Structures are given as structure tokens and as C-alpha cells.
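# Breakdown of the fold
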Amino acid sequence: MSIASRRDFLLKTGQGLGGAAALTGLIPSVGAFGAAHAADLVDPLAPKQPHFPAKVKSVIWLHMNGAPSTLDLYDHKPDLVKLAGTDVPASFLKGIKTSTQGGVGKLYASNRTWKQHGESGAWFSDLVPSIAQHADKLAFIKSSMTVGATHDISILKLNTGDLNPGRPSLGAWVTYALGSANPDLPPYVVLYNGKSEPSAGSVNWNSGFLPAVYQGTAFRPGASPILYLDRPELRAATQQRSSLDLLKRLNALGTAQRPADTELLARVRSYELADRMQAAAPEAVDLAKETDATKALYGLDDPTSASYGTTLLRARRLVERGVRFIQVVSGAPDGETEYTSWDAHSDLEKNHGLMARMVDKPIGGLLADLKSRGLLESTLVVWTSEFGRTSYGQSGNGRDHNAWGYTQWLAGAGIKAGTTYGETDEIGLQVADKDKAVDTYDLHATVLQLLGLDHLKTTFLNNGRSERPTVVYGKVIKELLA
Amino acid sequence: MRKEIVAIVAMAALLAVAGGARSDQAELDTDLMHSIEDSNKSLASNIAIKETRGASSDAKELTEMFAQVEAFYARKGDAPDAVELAKKSRALSTQILQSVSTSDFGAATDSATTLSRTCKTCHNYYKKS
């Protein structure tokens, strides 16, 4: 490539692959900075091929914030009910270290009725009647386990695989490995209901050591999902376009001098993406064209479920628009100040009564809606939490955190629907068979597998060290796959 | 009298050191565990980038370190599970060394992931948090 002038240089560095070739030729001293790497920097979100054919195009990651007691939702334990009010038999505490404030309480059973549903005969409590209608769509993981006694660090492990900040979230890895399927929207979106962003923080959708462009974008509740995205009324679209064009030329000078500065590159791309998103993002989350029937399906007509239902309906719309990873964090119904998460150390009946009502209809609606639109065949829905809750009580009518055995589930593309993998012990405290324990790394490996990615080959060189989403762990749970 | 006092003080000092050493051996050396963790992460990386020399060096180090862990728990006498897990870890490290020497990085990766899970299993029971 010959460069006749600085203007010529600027024009060519702004032109995709032509620019990439220019960068390669102009910076020989950078050594391994080849055309492929340069192409990534020019468009790091360009679609990439998976390692093998994917079953899933989009993931909806339903994080139940605060950790629900799956003993009161999915994991029916008649022995727990029988032994309620008695001390935990010592044999069930073998191999675990408890740290419950106030000490390990008596075994606790809440006022649940249980029924089997569907051909699978899966058990559901009376708290989740809508989800129960979809029993045969779900694949339960009843031998989930993790580490960590507090929410923030276990949420971090759930999303990034580490108890300390600094690693990319699963969504960031997916974006890195597969790129974007829609250039007008972020490929990785975070949704939540409630007044403020999830308390565990944006470290849970961060790109870590991956280039910054792969981080999640949090969409706020309300008509304007992204702060400061809307063009001010006093500014015409043509004025904005002219400003952006000038900014692009100026930024090209900076990126030419610092081609490996991924934060600068991400910022440069973000202006153009923001310009396109001014139209695309509000349209994606605008429910005005949804029918009343659809809104009712997601529970938008019930104040308790309206905010979470809105979030899930937005998630469906984002799936339709090719967003790869949608991380939905549960909050609290509008106006609710007493029970703001599933964290029921006390008052479990009231807490879970409210939280279940907030999510049950919307999740049932989401599964039905995805199915009816043919989207469930290419979408993976994951119910997940940072841990579960103990069989023994706390504060008399609550449950403490339980990292030793709890339930999660998957639904959608590539899943062996209507099945259950693993189980907890008779009182639902620990995973019964440790060989079937499913850690967060295993869940990540399985989700990546469904996206067509081998977790062992999804790597990034960070300061000379090869890193992967599953750290040094992870196994694909083949029994969950169709 | 003075000589007796000096002898008593010296004896007390010797006992304190001996007692301290015994109490050190009551717990597994955390520096050793950190070294194992670091070597394990380095191993995973070296296998992923097919760096034979680095992976071999890491695998050899791990074999030696797991031997120390095994010896510790064998001496302790009350942790047969830990002894078995340490033995398994040592065997896996040796297996990785063999796989790497024949450039079978696929097998090395599988063994390395199993090794990491073995570490976790032991931690579930024996790691003080």
C-alpha cells in the first residue's frame, strides 16, 4: 500500500480490511501482529465460526439473585418434611464446614404442596405453577455445587469462574469467541428489574483481561435503555453525524499510534455503535407493538411480575435481533423495599412467595413464547443462582446459604429435555454422588459446548499465559445434551 | 545455680522450638499449596500453547510437590482420603509428563483437567477457609 499523504493514510485506516493490511505493513516491529490480529482490532466483533456446528444461537442466562431455596421450588425432599423440627443428623454434615450465624438450626420445612408434572414426572412446588407447565422442556441439574459463603464472591464465580475480580464473564468469552450477529446492537446485554443495577456490580459482566469491546452492556429498565444514548433535541441528526465523522478521523490518529490499546479501540467502536444503537436499542426494548395477549403471557398485567416480565419480553426481542448472550439478573417488584432478592435468611414464606410470583409467570411465558415462535430451537435458557439454601433453618423461618447442593436447569436447543442429572441427599443438603457434582465451570463448559465452542480451545493469550473460560477446570455434562 | 538456670532456659528454648516445629507440621505448608496452584495454572497454559519444555517442567515439579503432600498426610495418619488424592495427583502429573513427551496434548489436557478437579475434591474436605 502506498501512502501519498496523511489524508490518504487516514482514509485507508478507516476502511476495514484495507486498513488492516495497512496496519500490518506499517508496523513490522510489532512482530506477530499479523493480518488476522489486525482484522480483529479493526472489527473485533466480526462474526467468527465456532469449533463445531452450534445448537444454540442465543443464551438467556436467568440469574436468580440472592439464591433461591430450590428445596422449596424443584427439589422435593419428603424426608426433610418428615424430619422437620429435629436436629440435622450428623451423617449429613460430614465433609462440610458450616458457618451459619446463630448456629445450625433444626431442619426446616416450609408450607409447600408438591406435584409431579408432564411426562417426565418432574416435581414442582406450588410456588412455580407456570414453570411447572413446561416440565418436559427442562433438564434439571440437581447436583449443582460451588464454593463461597457470601453472595458477591459466589456471584462472581458464577459469572466469571473466579472468586476474585479480573476474569472475563461467560458472556464476554462468548462474544470474544463468536463475535456479533447484529452490528446495530451489543452482542452481550445485561437486563435487570428494580431501581438500580445489580448490587454485585458490573464486574459480573466485565471483559476482564479480554479486550474491553467484549464486555456486557447493561440496559436500564424504562424506555431509554442506555444512559446518555439519546440525541438531545437541540442537536440535529446531521450535526451528530458530522461530529462523529470528525471524531472518527481524529480517533484514527490515536489508534494508528496505539494499535494494541484495546480500550481505545473499544471506545472508538462504541461511538459508531452508539450512533446505530440510538435507533436500534430503543426499538429492541419497545414493547408497544407487542399484543396484549403476549404482555399478559409474561405477567405484565400483574404489578408483582410486571417489571421482571418486561425484562424477559425484552430478552425475547433481543434474541430475535441476534443478541448472543442476555444476562438477566432478578431484582424486586416495583415499589418493593422489604424483600429485594431471594436471600431468605428469615421469612422464607413471604420472601419466596413474593419472588416466585415475580418470576414464575414471566419465565413460563418466555418458554411458551420462544416455543411458539420457533426460537426455542436455537435459544438456551438457563435458570441459575450463586448457590442454594440449607435444609436446616435459620432465624426460625429462613434458610442459610448452601453451596454444597442445589438445583439449576436448562431449557431449549440441544438439551435433553424432561431429564434430571444428579441429586442431593435425602434432606437436600449436599450433592449425593460427588462424581456427579456440577460446578460452575462445568455449567460454563456445557453452555459453551451448545454454542459450538470447545471450552479447552476457547483461549486467549494474556501476558504470555493461555487462559480459557473454565480456568483449569470444567467438563461438559454430556448427559444433559440431546 | 547460675549454670542450672542457664540449662533450664536453654531446655525451655529447645522445647519451644521443637513444639513450634511440631505445630508447623500439624498443618500443610500453605506456601507449598500456593506453589502447586501456580504450577498447575502454568501447566494448563503450557499445554494449551503446546510449550513442551514448560509443560514438562511444570509436570515434574507437581510430581515432586504432590509427593510431599502425600508424605505429610501419611505421617499425619488420620487422613487416608487425602493420601489417596495426593497419590492420584502424583500419578496424573506423571501421566501428563508422558503425554507431553509424546506431544499428545489432547491427553495431557484431559489429565490436567482431572488433576485440577482432584485438587478441588481434596480442598472440599481439607482446606481451611
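Residues numbered from 1 in each chain as written. Chains lettered and ligands numbered in written order. Predicted model: local features only at pLDDT ≥ 70, side-chain atom pairs only at ≥ 80, totals over all residues. Heavy atoms only, no water.

### Considering the overall build of chain A
Scanning chain A from terminus to terminus reveals 13 helices and 14 strands. Against the compact-globule benchmark of 23 Å for 482 residues, chain A has a radius of gyration of 24 Å, which places it among compact chains. A principal-axis box enclosing the C-alpha atoms of chain A has dimensions of 85 × 50 × 40 Å. Out of the 482 residues belonging to chain A, those deemed buried represent 55%. The long-range fraction of contacts in chain A, counting pairs at least 24 apart against all pairs at least 6 apart in sequence, stands at 75%. (Helix = DSSP H or I, 4+ residues; strand = E, 2+ residues; numbered from the N terminus. Rg over C-alpha atoms; globule rule 2.2 N^0.38 Å. Buried < 20%, exposed > 50% of the residue type's maximum accessible area, 1.4 Å probe, protein only. Contact = heavy atoms within 4.5 Å.)

### Thoughts on the overall build of chain B
Assigned secondary structure in chain B consists of five helices and zero strands. Each helix and strand of chain B, ordered N terminal to C terminal, gives the series α-α-α-α-α. Per-residue burial over chain B gives 36% buried out of 129 residues. For chain B, restricting intrachain contacts to residue pairs at least 6 apart in sequence, the fraction spanning at least 24 positions comes to 62%. Here chain B displays about 7,800 Å² of accessible surface, and carbon together with sulfur accounts for 56% of that area. (Areas by Shrake-Rupley, 256 points an atom, 1.4 Å probe, with all protein chains shown as cover.)

### A word on the packing of helix α2 (residues 30-48) of chain B against helix α3 (residues 52-76) of chain B
Residues and elements named next belong to chain B. Contact pair α2 / α3: the axes reach a minimum separation of 9 Å and the direction vectors enclose 150°. Taken together, the axes of α2 and α3 lie roughly antiparallel to each other. Where α2 crosses over α3, the handedness of that crossing is left-handed. Side by side, α2 and α3 meet where Leu32, Met33, Ser35, Ile36, Ser39, Asn40, Ser42, Leu43, Asn46 and Ile47 of the first sit next to Gly54, Ala55, Asp58, Ala59, Glu61, Leu62, Met65, Phe66, Gln68 and Val69 of the second. (Axes fitted to C-alpha atoms, helices over the stretch in contact; angles between N-to-C directions. Parallel < 35°, antiparallel > 145°, perpendicular 65-115°, else oblique. Left-handed = near helix turned anticlockwise from the far one by under 90°.)

### Digging into the domain arrangement of chain A
Each domain of chain A was delimited in the assignment, giving domain 1 (1-28) and domain 2 (41-223 + 286-480). Centre-to-centre, using C-alpha coordinates, domain 1 of chain A lies 46 Å away from domain 2 of chain A. (Domains from an automatic or database assignment.)

### As for the pattern of salt bridges
Residue and element names in this part refer to chain A. Considering all chains together, one arrives at 28 salt bridges over all chains under this definition. Put simply, Asp126 and Arg112 hold a salt bridge, and the shortest N to O gap is 3.0 Å. Of the two residues, Asp126 is situated in the loop between β3 (122-125) and α5 (129-132) and Arg112 in the loop between α4 (78-83) and β2 (114-117); the sequence distance between them amounts to 14 residues. According to the relative accessible area criterion, Asp126 is partly exposed, its value standing at 35%. Residue class for Arg112 comes out buried when judged on its relative accessible area of 16%. For Glu290, the salt bridge is made with Arg316, and the minimal N-O distance between the two is 2.7 Å. Within this pair, whereas Glu290 is found in the loop between α9 (262-285) and α10 (292-297), its partner Arg316 is found in helix α11 (residues 303-320), the two being separated by 26 residues in sequence. Taken together, the salt bridges that share partners define one network made up of Glu283, Glu290, Arg316, Arg317, Glu320, Arg321, Asp369 and Arg373. (Salt bridge = Lys/Arg side-chain N within 4 Å of Asp/Glu carboxyl O.)

### Looking at the pairing of β2(A)
All names here are of chain A. Bridge count between β2 and β3: four bridges; the pairing is antiparallel. Bridge pairing links Gln116 to Trp123 in β3. Remark: four residues form the turn of the hairpin made by β2 and β3, two consecutive strands paired antiparallel; Gly118 in that turn has positive phi of roughly 70°. (Pairing = 2+ DSSP bridges.)

### A look at the nonpolar core
Residues and elements named next belong to chain A. If you look at the biggest cluster of nonpolar residues, it comprises 55 residues, and the most contacted ones within it are Phe124, Ile363, Trp383 and Trp409. At nine residues, helix α12 (residues 348-372) tops the list of elements feeding residues into this core. Within the second largest apolar cluster, 46 residues are counted, among which are Trp61, Phe209, Leu443 and Val476. (Core = buried A, V, L, I, M, F, W, Y, C linked by side-chain atoms within 4.5 Å.)

### Section: the sheet that holds strand β8 (residues 379-384) of chain A
Strand pairing in a sheet is mediated by backbone hydrogen bonds. Such pairs are either parallel or antiparallel. Residue and element names in this part refer to chain A. Strand order in the open sheet formed by eight strands is β6-β5-β7-β1-β8-β11-β4-β12, with mixed pairing between adjacent strands. Among the strands making up the open sheet, the edge pair consists of β6 (217-219) and β12 (419-421). Strand-to-strand twist in this sheet, taken as the mean axis angle between neighbours without regard to direction, amounts to 20°. Here strand β4 (residues 138-144) pairs with β12 via three bridges, running parallel.

### A closer look at the interface of chain B and chain A
Facing 19 residues of chain B, the contacting portion of chain A comprises 18 residues. When chain B packs against chain A, the two sides together hide about 1,500 Å² of surface, and 57% of this comes from carbon and sulfur. For chain B, the biggest contributors to the area lost against chain A are Arg117(B), Lys120(B) and Tyr125(B); these three give 31% of the whole. Put simply, chain B and chain A have one salt bridge between them. Asp439(A) is the partner of Lys120(B) in a salt bridge, and the nearest nitrogen-oxygen pair spans 3.9 Å. Summed over the shared surface of chain B and chain A, the result is two residue pairs in polar contact (both at pLDDT 80 or more). If one sorts the elements of the side of chain B that touches chain A by residue count, helix α5 (residues 105-126) of chain B sits on top with ten residues. For the side of chain B that touches chain A, the per-class residue count stands at five nonpolar, eight polar and six charged. (Buried area = accessible area lost by both parts, 1.4 Å probe. Polar contact = N/O pair within 3.5 Å; in protein donor to acceptor, adjacent residues only side chain to side chain. Nonpolar A, V, L, I, M, F, W, Y, C, P; charged D, E, K, R; others polar.)

### Some words on the environment of Glu426(A)
All names here are of chain A. Residue placement: Glu426 occurs in the loop between β12 and α13 (440-450). The partly exposed category is assigned to Glu426, whose relative accessible area is 46%. For the pair Glu426 and Ala344, spaced 82 residues apart in sequence, the C-alpha to C-alpha distance is 22 Å.

### Observations concerning the packing of α11(A) against α12(A)
Residues and elements named next belong to chain A. Where α11 meets α12, the axes come as close as 8 Å, and the angle between the chain directions of the two elements is 30°. Put simply, α11 runs roughly parallel to α12. The handedness of the crossing between α11 and α12 comes out as right-handed. Counted together, Thr304, Ser305, Tyr308, Gly309, Leu312, Leu313 and Arg316 of α11 and Leu354, Arg357, Met358, Val359, Pro362, Ile363, Leu366, Asp369 and Leu370 of α12 form the full contact between these two elements. Grouping the constituent residues of the contact of α11 with α12 by class yields ten nonpolar, three polar and three charged.

### Thoughts on the environment of Asp87(A)
Residue and element names in this part refer to chain A. For Asp87, the location among the structural elements is in the loop between α4 and β2. Spatially, the C-alpha atom of Asp87 lies 66 Å from that of Asn251, the residues being 164 residues apart in sequence. Discounting residues that sit within four places of it in the chain, Asp87 has contacts with Lys106 and Leu107. Side chain to side chain, Asp87 and Lys106 meet in a polar contact 3.0 Å long.

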